[in-house]
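For reference, the chains in residue letters:
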Amino acid sequence: MSGAEKIVVKVTDVVAVNELVTRFRFKRTDGGLLPTFSGGAHTVVEMQDGDITRLNPYSLMSDPMDQNAYTISVRRDDEGRGGSRFMHSKVKIGDEMTISYPVNLFSLDLRAKKHLFIAGGIGITPFLAQIKQLERFNGHWELHYACRSLALGSYVDELQAHHSNETHVYFDDQKQTIDLVKLLEGQPLGTHVYVCGPKGMIGWVRATAQAEGWPLEAIHYEEFLAPQPGKPFEVKLAISNKVVQVSEDESLLEALERAGVDAPYLCRGGACGQCETNVIDYSGTFIHRDHWLDEAELSSGKKIMPCVSRFEGKTLVLDR
Amino acid sequence: MTLQFNDETFRDDYSFRNSDRAIKRFPFPFHEDSYMYSVNMEQHRGGPKDSIYEMRFDVDEHYISEMRDRAMVLADDPLRCQSLPHMTLAGWDLLELIMVSKSEDYPDLFELHRDGDTWRWVNKPLGIDDTFTFLDEATLPYGPMEYITRQTQGDFAVLDQRDDNLWMDAGMITTQADWSLDFDIGMNFFEWHAPVPLAHEKGIFIRALKFLLNIQQGAPARRLNWTMTVNPLLDTSPENYHKWGIQKTSVTPENIGAKQHLRVELQTFFRLPRSNALVFPIRCYLCSFQDLMTAPKWGRRLHRVIRDLPEELATYKGFIDNRPMMLDYLAEFDDGQATSAGIWPDLETEPALKK
């Protein structure tokens, strides 16, 4: 079986946080306790959207110690393939859904003397759980959170109300920006920096911290990529002896699953490496979008991450 | 289930014994007539009834005596139990995992009563009834990892996960096959495995690490590993090599059946939820050659495996000098008949020895 263990849950709360973000609360259908987790963990939510099964990862934002319910926040992506739109428009209180056990690819480094969090937009969610975890153990943390505007600043109010000393918010529409070099230079020895947000922000923080001489082990990031639509293509599967058409709006991984091929996966966002697949033959161009393969592997033509990457061309033969 | 606990020793007079039940459920580690390293992992979700795979943490007839032996090792050498400061949360994770598992799997032996953070733990075999505050170390007589592993058979390596690697940052190691926590503490997966021959060349450790990093909550894994030990010693540590190493020369053709033990480790792997660390319990089972020979299949197979094992492995596992004597003994139990696949003794179906 692929993916993490599953839990059947009931939606107990659907709250519009602002124009773009909606929060969902899940409890176990059988009334039992949910597993505890570590701050930074995500769950993969299964959505039955007509004939299509969508599986999207969302960071858990609730208190990791709270075994009664999990909460996630979903930002509506009107350009995406429909997972977030499904969550926003179809999911109602009382619905039964299946989610995965928590999986953490963005764990706190518990050796850190201080945790410096840098969030952009919906990237705030894993930090909400990490903050709750650190508060329980009197951990030392500081948050720098960039949002488009006050109206779109999810959870700004509660962060400022409960953690006014640790929380620093920057609004784009007020031309406020994080002075990153100054911020990094001012940190005590033993600080770890964590960034979650848009691709540009992650790249900026990683590059700046490295240029400032931060050790790579002290720079942590998480970016879940949603699979992007693209041109349809055909894939031949050597082991299962099948030919599968990948349509415009589905990922290669989803197409494999639709064809009944049990392909391994975990995060479905290009980060965990679990779905790494060997390419046996190809004639065309890869559209690699993952964070997993290194430069040499990306250019080798021998590997693809089917959760987020696509292909354009005549022939693609995979070792599945 | 009523379990009779043995009163026995793993040192000095070596009164350790396996009952018939313990022999039948011994985790014989060879599923075929030869052995080479592999990433032989499978899911750890139960197994045949009364087998060592059935429960998450197997409790057997040696429980009380093994815990007594552990206490003696720790009294002599407190560094067998260490936990770096960032691993305390993982220690609580482990305490929770073991208390919940044992109280659910052995309700007649262990009880856990939770009222918020106030927990009461009853361990009937060891006569313990403690009430403490979960996540408050001051309310336990030891740190959480030490507290619970003084009450649980097997060694425990608690591995921090970061930078795509695993780090030996905490552990309770008193029944080990010649490796030292005090030496390995703080090392990463490749560093602590550096002494193992052949496996690096085969890329075993790269694949094993990838597998372990991906072990998820609710989906533990397991494998068996093995070596050889003369006399039923739990503590075959490098720290005490001067005490037990010499015993390897005490084996004679007359006493080898009783003295020579196959030492098998049931290694399991659990993701710890609150800390995202990985715990690696290493449970040691010992069985004398003469007890193993009561299963004809095991007699045939053990002879073939030991005979054909590469020299590097026999050296690494520390029995190269005694191998000829072992083979003389074991050859008597190998009549050349075929063996069935798998590790189980198949006592009902395997033919008796024809010699």
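Residues numbered from 1 in each chain as written. Chains lettered and ligands numbered in written order. Predicted model: local features only at pLDDT ≥ 70, side-chain atom pairs only at ≥ 80, totals over all residues.

Trainee: What exactly am I supposed to notice about the domain arrangement of chain A here?
Mentor: Residue and element names in this part refer to chain A. Each domain of chain A was delimited in the assignment, giving domain 1 (6–104), domain 2 (114–222) and domain 3 (233–318). When each unit is reduced to the centre of its C-alpha atoms, the spacing between domain 1 and domain 2 is 24 Å. Each partner contributes to the interface: domain 1 provides 17 residues, whereas domain 2 provides 12 residues. Here the residues of the side of domain 1 that touches domain 2 are counted per class, giving seven nonpolar, seven polar and three charged. (Domains from an automatic or database assignment. Contact = placed C-beta atoms within 7 Å. Nonpolar A, V, L, I, M, F, W, Y, C, P; charged D, E, K, R; others polar.)

Trainee: Would you mind showing me how to read the interface of chain A and chain B here?
Mentor: Interfaces are often sized by the accessible area lost when the parts come together. Between chain A and chain B, the contact holds 18 residues from the first and 14 residues from the second. Of the residues assigned to the side of chain A that touches chain B, the class counts are nine nonpolar, five polar and four charged.

Trainee: Where do I start with the sheet that holds strand β6 (residues 155–162) of chain B in this structure?
Mentor: Hydrogen bonds between backbone atoms are what pair the strands of a sheet, whose relative direction is either parallel or antiparallel. All names here are of chain B. Strand order in the open sheet formed by seven strands is β1-β8-β9-β10-β6-β7-β2, with antiparallel pairing between adjacent strands. For this open sheet the edge positions go to β1 (42–43) and β2 (81–83), each flanked by a neighbour on one side alone. Across 10 bridges, the pairing between strand β8 (residues 221–230) and strand β9 (residues 260–271) is antiparallel. Across the sheet, Met-228 pairs through a bridge with Leu-262, a residue of β9. Contacts from helix α3 (residues 88–105) reach β2, β6, β7 (165–172), β9 and β10 (278–288), with the element oriented near 130° to β6. (Pairing = 2+ DSSP bridges. Helix = DSSP H or I, 4+ residues; strand = E, 2+ residues; numbered from the N terminus. Axes fitted to C-alpha atoms, helices over the stretch in contact; angles between N-to-C directions.)

Trainee: Quick question: what am I supposed to make of the nonpolar core here?
Mentor: Looking at soluble globular proteins, one finds that nonpolar side chains tend to be buried together. With 79 residues, the main nonpolar core has Phe-117, Ile-118, Ala-119, Phe-127, Val-195 and Val-235 of chain A as its most contacted residues. If sequence neighbours within four positions are ignored, Val-195 of chain A has contacts with Ile-118, Met-201, Ile-202, Val-205 and Tyr-221 of chain A. (Core = buried A, V, L, I, M, F, W, Y, C linked by C-beta atoms within 7 Å. Buried ≥ 20, exposed ≤ 12 C-beta atoms within 10 Å, placed from the backbone.)

Trainee: Would you take a moment to explain helix α5 (residues 199–211) of chain A for this structure?
Mentor: In an α-helix, one turn spans 3.6 residues, which is why side chains three or four residues apart end up on the same side. All names here are of chain A. Here α5 is 13 residues long and its end C-alpha atoms lie 18 Å apart, about the 18 Å a rise of 1.5 Å per residue gives. Turning to α5, its buried residues number three or more, namely Met-201, Val-205 and Ala-209. For α5, the buried positions fall inside an angular range of 55° around the axis, keeping them on one side. For α5, the exposed residues lying more than 90 degrees away from the buried face are Lys-199, Gly-200, Ala-207, Gln-210 and Ala-211. (Expected span 1.5 Å × (residues − 1). Arc of directions from axis to C-beta.)

Trainee: Just to check I follow, could you spell out the sheet that holds strand β5 (residues 128–133) of chain B for this structure?
Mentor: Residue and element names in this part refer to chain B. Pairing is antiparallel in the open sheet, where three strands are placed in the order β3-β4-β5. Each having just a single partner strand, β3 (110–115) and β5 make up the two edges of the open sheet. Strand-to-strand twist in this sheet, taken as the mean axis angle between neighbours without regard to direction, amounts to 10°. Direction of pairing for β3 relative to strand β4 (residues 118–123): antiparallel, over a ladder of six bridges. Looking across to β4, one finds that Arg-114 is bridged to Trp-119. With respect to the sheet, α3 is in contact with β3 and β4, its orientation differing from that of β3 by roughly 120°.

Trainee: Where do I start with unusual backbone geometry in this structure?
Mentor: Comment: phi is negative for the bulk of residues other than glycine, and the bulk of peptide bonds are trans. Residue and element names in this part refer to chain B. One non-glycine residue, Asp-163, lies in positive phi territory at about 50°. As for its placement among the helices and strands, Asp-163 is situated in the loop between β6 and β7. Positive phi, close to 70°, is recorded for Asn-231, a residue that is not glycine. With respect to the helices, strands and loops of the structure, Asn-231 is situated in the loop between β8 and α8 (241–244).

Trainee: Would you mind going over the packing of helix α11 (residues 296–308) of chain B against helix α13 (residues 323–331) of chain B with me for this structure?
Mentor: A pair of packed helices is characterised by two quantities: the angle between their axes and the separation of those axes. All names here are of chain B. Across the interface, α11 lies against α13 with an axial gap of 9 Å and an inter-helix angle of 155°. What the angle tells us is that α11 and α13 run roughly antiparallel. Crossing geometry of α11 relative to α13 is assigned as left-handed. Residues Leu-302, His-303, Ile-306 and Arg-307 of α11 pack against Arg-323, Met-326, Leu-327, Leu-330 and Ala-331 of α13. Broken down by class, the residue content of the contact of α11 with α13 amounts to six nonpolar, one polar and two charged. (Parallel < 35°, antiparallel > 145°, perpendicular 65-115°, else oblique. Left-handed = near helix turned anticlockwise from the far one by under 90°.)

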